[in-house]
Amino acid sequence: MTTSAPSLVDHLDILEAHAIFIIREVVAECERPVLLFSGGKDSAVLLHLAVKAFAPQKLPFPVMHVDTGHNFPEVIAYRDERVATLGLRLEVASVQEAIDKGRVPDPGPLGMRNRLQTVALLDGIARHKFDAAFGGARRDEDKARAKERVLSFRDKFGQWDPKAQRPELWQLYQGRVNAGENLRAFPLSDWTELDIWNYIKRENVPLPTIYFAHERPVIKRDGMWLAVGEFVHPEPGEVVERHLVRFRTVGDATCTGAVRSAAENIDAIINEISVTNVSERGATRADDRFSETAMEDRKREGYF
Amino acid sequence: MSESTTDLLRFATIGSVDDGKSTLIGRLLVDTRQLFDDQLEAVAHASAKRGVGDLDLSFVTDGLRAEREQGITIDVAYRYAATPTRKFVIADCPGHVQYTRNMATGASTADVALVVLDATTGLKEQTRRHLCIAALLGVRYVIVAANKMDLAQWSQSTYNAVVSQMNDVGTRLGFSDTVVIPVSALRGDNVVERGFEASWYSGPTVLQALEEAPAGLWANSEAGARLPIQWVLRQHGGGRTYAGMVTGSHFSVGDAVTLLPSGVTATITGINGPRGSMTSAVPGLSVDLDIDQDTDAGRGDLLATAPLPTVTDEFEATLCWFSDRPLTPNSRLRLKHTTRSTPVRVNTISGTLDVETLTVTPTDQLVTNDIGLVSLLTADPIVVDDYRANRVTGSFILIDEVTNATVAAGMIGHASFI
Ligand SMILES: Nc1nc2c(ncn2[C@@H]2O[C@H](COP(=O)(O)OP(=O)(O)O)[C@@H](O)[C@H]2O)c(=O)[nH]1
């Protein structure tokens, strides 16, 4: 009865299929999943995959934005457009609220807030009793992430114990947790930055405009180009310059650096990434540059 | 794992402590230019801080604080490399016996094992152990880097000794093919760049061997197609389709399928893939199937084409036991198999496998890191294939019902060498 063997698929098809499989497993096994949506390219791809996994049904779980309060306006506009177009339920876990409630020390209006995200995230998870949170993290981003399971178990304090991870064999993702514990699920674990861009191109995944080259005022701080705006003001001695730039990641506006680039479209970006010498985090994230194990330490405390 | 593609290869790296595995992976990544300047700088910085020279390549892979401090590898690190012909997913596995669970995690999805051994000392017990576990987990193709050949003055007889040791092991464990390559990971000879010291060697470099290794070994057009149902999708207009990942062989529209365990037969009337409707779906794809029968099928059921899998509640299996508490007969646990989970009881434990001699010693309990032969009884029937025939429908894990810890990995049936 079977017809002749169908043609082979390529590695993007396999990565896509695997991610969809993981998303369906977690949603089937957990009671209250949520998708962490930052508006960055990885979470844009993750959302795209989650929508596919359940089409034509609506996404059977909400998305949560961990909001540092230091946003690029383009990213918030993008977030709201996605939520409206796809009919999503949006929860916001606010760092500002955590500061206002005295849950975390106030680093000042222009201080870096990425570390404070952990508290807002854990509060958000507890408030909504989420037992699984999808994140767009990839293993090629950082040496601690390279060691993390696809389903990463977190204890009652949201902590990751890298020395006692659950064995994770085959595609048997094991999502059982007791009350108060939760999981982080990383369906994009095996994707690289280049895979993400090639997939965005293939699928026409919409992105915030700041990923594409545009001219804006920037200052050089700690070797990074920061966009001058509501939360980044030049300090004495810092010179405001105008350059053609784009962002390789999206995070807190006070510590996410831009790269000088003329890449205005996806093909140009893919070309640029194929020959670049600097990693995504190295180029653009001040928060991971402080110590050799910065990411591991933050994950232990409950970060994504 | 059971994918129908040749442009993605998953391989696991195994080897005994200090044989040079981390250095080899570091070399592979550096010489294929997978590392960015700032990552290389960070490695150089870490090397200098610990007074271990300019660039200790092994720091490229060891990522956790405890690992750097103790100089050992605890858990699998996943690395990615791409050449113009292939994307590689590398599971860099730890060597110590107490981290066998992590090694098994890395090897369970691998098509190929890359074995690093110190040619000057030969095959060590730990490497034999890992080769045995890799073989149990279904790895059939092995690439061996006979490392530190610079210390052996590139002696052909040293290399030949490794080849004969490996042939011996390979025959016993049933590997389909074993390629042995003389290398110096430290200097880079025959890893990515060809070395000129071993003029007598004309085989592939490590990278060439990886580019030529067979991928997607588990897709088998002779086997039946299986779709363990993950989720039932409600379609516009009221119909339902069954979503899951294809394994074994491919499904085509018009195929006769059997829904198991119920045994209802039906015909596939439609296949939806991530890019729309399709006429057939190969292993490794996530799809949803439409059939011409109205059934109450749900998560945990399975759609299959002939030859059909077995519906059973009592079966023999090979277990890798991970827990610190021993496993004894009559223990009650939870079993997760494909998308179904059910209570399970241990009927009998018949023996443990000595991974050195491949002999089975009778026993009535399993302790941490034991490989045991057991018979299990499940509360609900499960739909299985022998692990050698299908890695997805042939595998399961056992879960502690109180702590929810994953305490064992199991394979239906047992390997031919047991
Ligand atoms: N002479 C020589 N030394 C090597 C070679 N490969 C690794 N080493 C050294 O062997 C030691 C152990 O290497 P490492 O990669 O950490 O081993 P692992 O424990 O298997 O990951 C280190 O001191 C390396 O520099 C090689 O090809 N030649």
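Since this is a predicted model, take the numbers as computed values, not measurements.

**Section: the overall build of chain B**
Per the secondary structure count, chain B includes seven helices and 23 strands. For chain B, the residues scored as buried account for 63% of the 418 residues in total. For chain B, contacts bridging at least 24 residues in sequence account for 69% of all contacts bridging at least 6. In the form shown here, chain B has an accessible surface area of approximately 15000 Å², with 48% of it arising from carbon and sulfur atoms.

**A look at the site of the ligand**
All names here are of chain B. Around the ligand there are 16 residues in total, and D18, K21, S22, T23 and D150 lie nearest to it. A distance of 2.5 Å separates an oxygen atom of the ligand from a polar side-chain atom of T23. Between the ligand and the protein, one listed contact pairs an oxygen atom with a backbone N or O atom of A185 at 2.9 Å. Protein contact buries 75% of the 580 Å² of open area that the ligand shows by itself. The element that contributes the greatest number of residues to the shell around the ligand is helix 1 (residues 21-31), accounting for three residues. Of the residues in the shell around the ligand, the class split is four nonpolar, seven polar and five charged.

**A look at the side chain of H337 of chain B**
Mapped onto the fold, H337 of chain B is located in strand 18 (residues 332-337). With a relative accessible area of 1%, H337 of chain B lands in the buried category. Residues in contact with H337 of chain B, not counting those within four places in the same chain, are L172 of chain A together with I382, V383, V384, V392, T393, S395 and F396 of chain B.

**Focus on the domain arrangement of chain B**
All names here are of chain B. Per the domain assignment, the segments making up chain B are domain 1 (5-218), domain 2 (226-304) and domain 3 (310-412). Taken together, the contacts link 22 residues of domain 1 with 14 residues of domain 3. Together, the buried faces of domain 1 and domain 3 total about 1500 Å²; carbon and sulfur atoms form 61% of this surface. Inspection of the region where domain 1 meets domain 3 yields one salt bridge. The salt bridge partner of R128 is E356, with a shortest N-O separation of 3.9 Å.

**Section: the pairing of strand 12 (residues 264-273) of chain B**
Residue and element names in this part refer to chain B. For strand 11 (residues 256-260) and strand 12, the ladder comprises four bridges, and the chain directions are antiparallel. Bridge pairing in strand 12 places A256 opposite T267. Two successive antiparallel strands, strand 11 and strand 12, enclose a turn made up of three residues, where G263 displays a positive phi of approximately 90°. Taken together, the four bridges between strand 12 and strand 15 (residues 286-291) define a ladder with antiparallel strand orientation. Paired with G270 across the two strands is D290, which belongs to strand 15. For strand 12 and strand 13 (residues 276-278), the ladder comprises three bridges, and the chain directions are antiparallel.

**Comments concerning the sheet that holds strand 5 (residues 151-154) of chain A**
Residues and elements named next belong to chain A. Overall, mixed pairing links the six strands, which are arranged 3-2-1-4-6-5 in an open sheet. Edge strands, defined here as strands with exactly one partner in the open sheet, are strand 3 (90-94) and strand 5. With strand direction ignored, the average angle separating the axes of adjacent strands in the sheet is 30°. Sitting on the sheet, helix 5 (residues 117-127) touches strand 1 (33-36), strand 2 (63-67), strand 3, strand 4 (132-134) and strand 6 (182-185), and the angle it makes with strand 2 is about 150°.

**Observations regarding the side chain of R82 of chain A**
Residue and element names in this part refer to chain A. Its place among the elements puts R82 in helix 3 (residues 73-86). In terms of polar contacts, R82 uses its side chain to reach the side chain of E81, at 3.2 Å. Look past the residues within four positions of R82 in its chain and what remains in contact with it is F37, L47, G87, L88 and P206.

**Describing unusual backbone geometry**
Residue and element names in this part refer to chain B. Between L260 and the following residue, P261, the backbone shows a cis peptide bond with an omega angle of 10°. In this model, A306 is joined to P307 through a cis peptide bond whose omega is -5°. Here P307 lies in the loop between strand 16 (302-304) and strand 17 (310-321). Of note, the phi angle at T338 is positive, near 40°, even though the residue is not glycine. Following the sequence through the fold, T338 ends up in the loop between strand 18 and strand 19 (340-353). By relative accessible area, T338 is classed as buried at 11%.

**Focus on the layout of surface pockets**
Reported here for the second largest pocket is a volume of approximately 760 Å³. In terms of lining residues, the second largest pocket is bounded by 31 residues, among which S323, T403, A405, T406 and V407 of chain B are the most central. Put simply, the parts of the chain that give the lining of the second largest pocket at least two residues each are strand 5 of chain A together with strand 18 and strand 23 (406-412) of chain B. With three residues, strand 5 of chain A is the largest single contributor of residues to the lining of the second largest pocket. Within the lining of the second largest pocket, the residues separate by chemical class into twelve nonpolar, ten polar and nine charged.

**A closer look at the nonpolar core**
In terms of nonpolar packing, the biggest core is built from 87 residues, with I23, L49, F134, W191 and W197 of chain A together with F251 and L303 of chain B touching the most fellow members. If you tally residues by element for this core, the top one is helix 1 (residues 11-29) of chain A, at eleven residues. The contact partners of L49 of chain A, leaving out residues within four places of it in the chain, are E16, A19, I20, I23, L188, W191 and Y199 of chain A. Counting residues in each nonpolar core, the second largest holds 78 residues, with C93, A113, I181 and I399 of chain B among its members.

**Some thoughts on the sheet that holds strand 1 (residues 8-15) of chain B**
Residues and elements named next belong to chain B. With mixed pairing, the six strands of this open sheet are ordered in space as 2-3-1-4-5-6. Here the strands that pair on one side only, and so sit at the sheet edges, are strand 2 (77-82) and strand 6 (177-182). Within this sheet the neighbouring strands show an average axis-to-axis angle of 25°, counted without direction. Relative to strand 6, strand 5 (residues 141-147) runs parallel, the two sharing six bridges. Within strand 6, the position partnered with V144 by the bridge is V180. Where helix 1 meets the sheet, its contacts fall on strand 1, strand 2, strand 3 (87-92), strand 4 (112-118) and strand 5, and the angle it forms with strand 1 comes to roughly 150°. Against the sheet, helix 6 (residues 156-173) makes contact with strand 4, strand 5 and strand 6, and its axis sits at roughly 165° relative to strand 6, the strand it touches most.

**Here we look at empty space enclosed by the protein**
Residues and elements named next belong to chain A. This structure, assessed with the given rule, holds nine cavities of 30 Å³ or more. Of the volumes computed, that of the second largest cavity is approximately 230 Å³. If you go around the second largest cavity, you meet 26 residues; those closest to its centre are H18, R139, V150, Y173 and D190. Class assignment of the residues belonging to the lining of the second largest cavity gives a composition of 15 nonpolar, six polar and five charged.

Rules behind the numbers
- Residues numbered from 1 in each chain as written.
- Chains lettered and ligands numbered in written order.
- Predicted model: local features only at pLDDT ≥ 70, side-chain atom pairs only at ≥ 80, totals over all residues.
- Heavy atoms only, no water.
- Helix = DSSP H or I, 4+ residues; strand = E, 2+ residues; numbered from the N terminus.
- Buried < 20%, exposed > 50% of the residue type's maximum accessible area, 1.4 Å probe, protein only.
- Contact = heavy atoms within 4.5 Å.
- Areas by Shrake-Rupley, 256 points an atom, 1.4 Å probe, with all protein chains shown as cover.
- Near = heavy atom within 4 Å.
- Polar contact = N/O pair within 3.5 Å; in protein donor to acceptor, adjacent residues only side chain to side chain.
- Nonpolar A, V, L, I, M, F, W, Y, C, P; charged D, E, K, R; others polar.
- Domains from an automatic or database assignment.
- Buried area = accessible area lost by both parts, 1.4 Å probe.
- Salt bridge = Lys/Arg side-chain N within 4 Å of Asp/Glu carboxyl O.
- Pairing = 2+ DSSP bridges.
- Axes fitted to C-alpha atoms, helices over the stretch in contact; angles between N-to-C directions.
- 1 Å grid on protein atoms, 1.4 Å probe; cavity = no way out; pocket = protein on both sides within 12 Å on 5 of 7 lines; lining within 4 Å.
- Points joined across faces, edges and corners; volume = space filled by probe spheres on them.
- Core = buried A, V, L, I, M, F, W, Y, C linked by side-chain atoms within 4.5 Å.

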